[in-house]
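# Chains, contacts and geometry: an overview
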Amino acid sequence: MFNNWLRNNKAAMWLLTVVRIYLGYTWFTAGLGKLTGGFDAGGFLQGAIAKAGGDHPTVQGWWAAFLEHAAMTGVKLFNVLIPLGETLVGLGLILGCFTTFAALMAMMMNFAFLFSGTVSTNAQMLLLEIFVVVAAANAGRIGLDRWVMPYLRGLFHKKGHGNTTFTHGGITKAKRHYLN
């Protein structure tokens with residue numbers, strides 16, 4: 001019942017738009033600050049690895065091993081991926097373009113930060129992102145998804161070469177779904 005409300009209700013659509021823009025702004029400003037301010041993930045990664053030891057570790061051993069052996073060795077890549085990912089996720093959420101995908105990527109980053117022992121606003125953002133993902137298309141209906149998703153569906157729902165048909169209904173059905 002709640003799922004249906006999130007996915008189809010117009011009031012939910014407006015509420016999700018506010019949530020989506022808030023999340024997008026938060027991600028965008030964090031990413032932009034890292035892009036323009038010079039970002040080095042090395043210190044954060046070392047701090048997270050250190051939190052795996054002691055009497056009351058806040059980071060699980062398997063995650064610390066991943067951070068030590070994969071992330072630290074590829075820290076230059078993470079120095080680019082993290083700010084770029086945060087900025088693009090923020091932009092996608094603000095504009096309502098590829099909303100569900102952007103929220104899924106935001107969830108992945110929040111989980112990574114939480115696994116690394118950083119609580120901050122990550123838990124709150126994660127909860128809000130879950131609502132955006134569950135709502136699916138309704139979360140991006142007031143945004144670019146209103147036009148982008150039907151267009152993309154139309155590209156993939158057209159008849160293929162020869163007798164191959166990917167699906168029936170075409171763009172008209174997809175447009176009708178987003179415009180209602």
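Just above, that's the structure.
Now for a look at the structure at hand. Computed from a predicted model, the values in this text were never measured in an experiment.

Another aspect to go through is the packing of aromatic side chains. By the definition in use, this model includes nine aromatic pairs. Put simply, the rings of Trp62, Trp63, Phe66, Phe111 and Phe115 pair up and form one aromatic cluster.

Let us now look at unusual backbone geometry. Unlike most non-glycine residues, Phe98 shows phi in positive territory, near 55°. Along the chain, Phe98 falls in the loop between α5 (75-95) and α6 (99-115). On the accessibility criterion, Phe98 (41% relative accessible area) is partly exposed. In this model, Ala136 sits at a positive phi of 55°, which is unusual for a non-glycine residue.

Attention now moves to α5. Here α5 contains 21 residues, and its C-alpha end-to-end distance of 30 Å stays within 8% of the 30 Å for a straight helix at 1.5 Å per residue. Turning to α5, its buried residues number three or more, namely Val75, Asn79, Ile82, Pro83, Glu86, Thr87, Val89, Gly90, Gly92 and Leu93. Here the buried face of α5 lies against α2 (10-37), α3 (42-50), α4 (61-71) and α6. The first or second residue beyond α5 is Gly96, which carries a positive phi of 70°.

Of the pockets and cavities examined, the largest pocket occupies roughly 370 Å³. In terms of lining residues, the largest pocket is bounded by 17 residues, among which Phe78, Ile82, Met108, Met109 and Ala112 are the most central. If you list the elements that add at least two residues to the lining of the largest pocket, you get α3, α4, α5 and α6. Considered as a void within the structure, the second largest pocket measures approximately 260 Å³ in volume. Among the secondary structure elements, those contributing two or more residues to the lining of the second largest pocket are α2, α5, α6 and α7 (122-135). Ranked by the residues each element gives to the lining of the second largest pocket, the list is headed by α2, at four residues. Of the residues assigned to the lining of the second largest pocket, the class counts are eight nonpolar, six polar and two charged.

Time to look at the nonpolar core. In this structure, Leu16, Leu23, Trp27, Val89, Leu93 and Val132 are the most contacted members of the largest nonpolar core, which totals 17 residues. Leave out the neighbours within four places in its chain, and Val132 touches Leu16, Val19, Leu23, Thr99, Ala103 and Ala139. Within the second largest apolar cluster, ten residues are counted, among which are Ala48, Trp63, Leu67 and Val75.

Okay, the pattern of salt bridges next. Taken as a whole and judged by the stated rule, the model has one salt bridge. The closest approach of N and O atoms between Lys34 and Glu86, which form a salt bridge, is 2.9 Å. Placement of Lys34 in helix α2 and of Glu86 in helix α5 is noted, with a sequence separation of 52 residues between them. Note on Lys34: relative accessible area 22%, which makes it partly exposed. Residue classification places Glu86 among the buried residues on the basis of a relative accessible area of 2%.

Rules used throughout
- Residues numbered from 1 in each chain as written.
- Predicted model: local features only at pLDDT ≥ 70, side-chain atom pairs only at ≥ 80, totals over all residues.
- Heavy atoms only, no water.
- Phe/Tyr/Trp six-rings, centres within 6.5 Å; stacked < 30°, edge-to-face > 60°.
- Helix = DSSP H or I, 4+ residues; strand = E, 2+ residues; numbered from the N terminus.
- Buried < 20%, exposed > 50% of the residue type's maximum accessible area, 1.4 Å probe, protein only.
- Expected span 1.5 Å × (residues − 1).
- Contact = heavy atoms within 4.5 Å.
- 1 Å grid on protein atoms, 1.4 Å probe; cavity = no way out; pocket = protein on both sides within 12 Å on 5 of 7 lines; lining within 4 Å.
- Points joined across faces, edges and corners; volume = space filled by probe spheres on them.
- Nonpolar A, V, L, I, M, F, W, Y, C, P; charged D, E, K, R; others polar.
- Core = buried A, V, L, I, M, F, W, Y, C linked by side-chain atoms within 4.5 Å.
- Salt bridge = Lys/Arg side-chain N within 4 Å of Asp/Glu carboxyl O.

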